[in-house]
Amino acid sequence: MDNNKILEQRLKMPLAWKIQHTVETMASWSHDGAYISYSGGLGSRVLVDIYHKNKSEMSPMPIVFVDTGLEYPSVRMMGLKYATITLKPDMSFKQVLEKYGYPVVSKAQSLAVYKLRHNNLTDKYRNKLLHGDEKGTAGKLSERWKILLDAPFEVSNKCCDVIKKKPFHKFDKETGLKPITAEMVGESRNRRDLYVKHGCKMHSLEHPKCVPMAFWTDQDILTYVKTNNIDYAEEYGDIECPNGANVLQVERIGLDACFAYTVFNLSHHGITDLQEWLRIIRRFMTIVLIS
């Protein structure tokens, strides 16, 4: 059967089936040496809870958290509360910004800006980034953000790679353990494409990983949290249930000083509160100044 069809079927499966499949996948991956990649966010909080409730079926695994210094306070608290190993990035946020530039709008848009400003691109690829091509507009720089091509500061997607991913990759190399993450296909096109190509166990990637919750939906996460009454970072707000569907006040929160997630959340939810914008700018400048 086509992998896209398999994915669509799994997305529609009941939560009980998804939990059991997740447990079986985690158990299989754990026996070759693994760890839980934990962010302190909602999805990875569920992943950790599933591990704790099903330890008897898995080989022992450390729960690893990268303390970037950029998390929202309660997200960081959740990270430190459940982690058994805490890592630190090699560079401060300020050093990353000075060397690579600011992550604005989104990682994909920041990458497009960086490539257009610095890479020696073919005319065909430059045109794809600016206008899209016959395959669509994936990776295209949005018209509204082309102003960043002339920004008086550097823009790139490197912050997340250096601050969050690099410490995990270094841990992988030093220990030989491979991560289990709470990534879901609904979070990005890239994650969906990777899942369709590799499935839950991504052995052939440069940095192998297991994504046993890939076919979970936001509703699955919220239902699990409510049903099991697990604690989670307060910045997400309360789980409400209008018209029978669980919803959060904030869908994704990312890092407190991350412009990419900030712009996504505030624009996505139509937030125009000047005080909230000012809070974010003050938080951003405080972190930069003390880094």
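Here, the structure is the one placed above.
Note that the structure is a prediction, hence the values are computed from the model and not measured. (Residues numbered from 1 in each chain as written. Predicted model: local features only at pLDDT ≥ 70, side-chain atom pairs only at ≥ 80, totals over all residues. Heavy atoms only, no water.)

Undergrad: Looking at this structure, I do not really get the overall build of the protein chain. What am I missing?
TA: For the protein chain, the count of helices and strands is 12 helices and eight strands. Here the protein chain displays about 15400 Å² of accessible surface, and carbon together with sulfur accounts for 53% of that area. (Helix = DSSP H or I, 4+ residues; strand = E, 2+ residues; numbered from the N terminus. Areas by Shrake-Rupley, 256 points an atom, 1.4 Å probe, with all protein chains shown as cover.)

Undergrad: What's the story with the environment of Asn157 in this structure? I'm lost.
TA: Tracing the backbone shows Asn157 in the loop between helix H7 (123–131) and helix H8 (158–175). Take Asn157: its relative accessible area is 15%, and that puts it in the buried class. Taking C-alpha positions, Asn157 is 7.3 Å from Ala108, a pair spaced 49 residues apart along the chain. Leaving out residues up to four positions away in the same chain, Asn157 has contacts with Lys107, Ser110 and Leu111. (Buried < 20%, exposed > 50% of the residue type's maximum accessible area, 1.4 Å probe, protein only. Contact = heavy atoms within 4.5 Å.)

Undergrad: Which parts of the structure should I look at to understand empty space enclosed by the protein?
TA: Take a probe with the size of a water molecule and roll it over the atoms, and the empty space left behind shows itself. The tally for this structure, following the rule as stated, stands at one cavity of 30 Å³ or more. What the largest cavity holds in volume is close to 40 Å³. The greatest single-element share of the lining of the largest cavity, amounting to three residues, is contributed by helix H9 (residues 189–198). Within the lining of the largest cavity, the residues separate by chemical class into seven nonpolar, no polar and two charged. (1 Å grid on protein atoms, 1.4 Å probe; cavity = no way out; pocket = protein on both sides within 12 Å on 5 of 7 lines; lining within 4 Å. Points joined across faces, edges and corners; volume = space filled by probe spheres on them. Nonpolar A, V, L, I, M, F, W, Y, C, P; charged D, E, K, R; others polar.)

Undergrad: What should I look at first to understand the pairing of strand E1 (residues 34–38) in this one?
TA: Each regular strand carries side chains that alternate between the two faces of the sheet. The buried fraction of E1 amounts to five of the five residues, a majority that puts the element mostly inside the structure. Of the two faces of E1, the one carrying Ala34, Ile36 and Tyr38 and the one carrying Tyr35 and Ser37 are both buried. One ladder, built from three bridges, connects E1 with strand E4 (residues 178–180); its direction is parallel. In the strand pairing of E4, Ile36 is matched with Ile180. Once the chain exits E1 it traverses helix H3 (residues 42–53) before rejoining the sheet at strand E2 (residues 63–66), and the crossover so formed is right-handed. (Pairing = 2+ DSSP bridges. Right-handed = clockwise from strand over helix to strand, strands pointing away.)

Undergrad: What is the right way to read the packing of helix H6 (residues 107–118) against H7 from this model?
TA: Packed helices, taken two at a time, are described by the angle their axes make and the gap between the axes. Contact geometry for H6 and H7: axes closest at 11 Å, N-to-C directions at 140 degrees. The hand of the H6/H7 crossing is left-handed. Contacts between H6 and H7 involve Ala112, Lys115 and Leu116 on the former and, on the latter, Tyr125, Arg126, Leu129 and Leu130. For the contact of H6 with H7, the per-class residue count stands at five nonpolar, no polar and two charged. (Axes fitted to C-alpha atoms, helices over the stretch in contact; angles between N-to-C directions. Left-handed = near helix turned anticlockwise from the far one by under 90°.)

Undergrad: For this particular structure, what's the right way to read the nonpolar core?
TA: One recurring pattern in soluble globular proteins: nonpolar side chains tend to sit buried together. Core analysis: the biggest nonpolar cluster contains 47 residues, and Met26, Ile36, Val46, Ile180, Tyr195 and Trp216 have the highest contact counts within it. Elements that contribute at least two residues to this core include exactly helix H1 (3–11), helix H2 (15–30), E1, H3, E2, helix H4 (73–82), H9 and helix H10 (218–228). With six residues, H3 is the largest single contributor of residues to this core. If we ignore the near neighbours within four places in the chain, the residues touching Trp216 are Leu11, Leu15, Lys18, Ile19, Thr22, Val46, Ile50, Met184, Ile221 and Tyr224. (Core = buried A, V, L, I, M, F, W, Y, C linked by side-chain atoms within 4.5 Å.)

Undergrad: What am I meant to see in the packing of aromatic side chains here?
TA: How two aromatic rings sit relative to each other is set out by the distance from centre to centre and by the angle between their planes. Per the stated rule, a full pass over the model turns up seven aromatic pairs. Relative to Phe65, the ring of Tyr38 lies with its centre 6.4 Å away and its plane at 55 degrees, an arrangement referred to as tilted. Taken together, the positions of Tyr38 in strand E1 and Phe65 in strand E2 put the pair 27 residues apart, joining distant regions of the chain. Relative accessible area serves as the criterion here: at 1%, Tyr38 is assigned to the buried category. Here a set of aromatic residues connected by ring pairs shows up, and it is made of Tyr35, Phe168 and Phe171. The ring centre of Tyr82 lies 4.0 Å from the NZ or CZ of Arg45, which sits over that ring. (Phe/Tyr/Trp six-rings, centres within 6.5 Å; stacked < 30°, edge-to-face > 60°. Lys NZ or Arg CZ within 6 Å of the ring centre and 35° of its normal.)

Undergrad: Where do I start with the pairing of E2 in this structure?
TA: Of the two faces of E2, the one holding Ile63 and Phe65 and the one holding Val64 and Val66 are both buried throughout. Sheet topology note: the E1/E2 ladder contains three bridges and is parallel. Pairing of Ser37 across the sheet is with Val64, part of E2. Sheet topology places E2 next to strand E3 (residues 85–87); three bridges connect them, and they run parallel. Note that in E3 the partner of Val66 across the bridge is Leu87. Once the chain exits E2 it traverses H4 before rejoining the sheet at E3, and the crossover so formed is right-handed.

Undergrad: Where do I start with the environment of Thr68 in this structure?
TA: Assignment of secondary structure puts Thr68 in the loop between E2 and H4. For Thr68, a relative accessible area of 11% gives the class buried. In sequence terms Thr68 and Cys160 are 92 residues apart; their C-alpha atoms lie 9.9 Å from each other.

Undergrad: What's the story with the state of the cysteines in this structure? I'm lost.
TA: Should the sulfur atoms of two cysteines be covalently bonded, the bond is a disulfide. Under the counting rule described, the total for this entry stands at zero disulfides. With no disulfide partner, Cys200 has as its closest neighbouring cysteine sulfur the one in Cys210, 6.3 Å distant. (Disulfide = S-S within 2.5 Å.)

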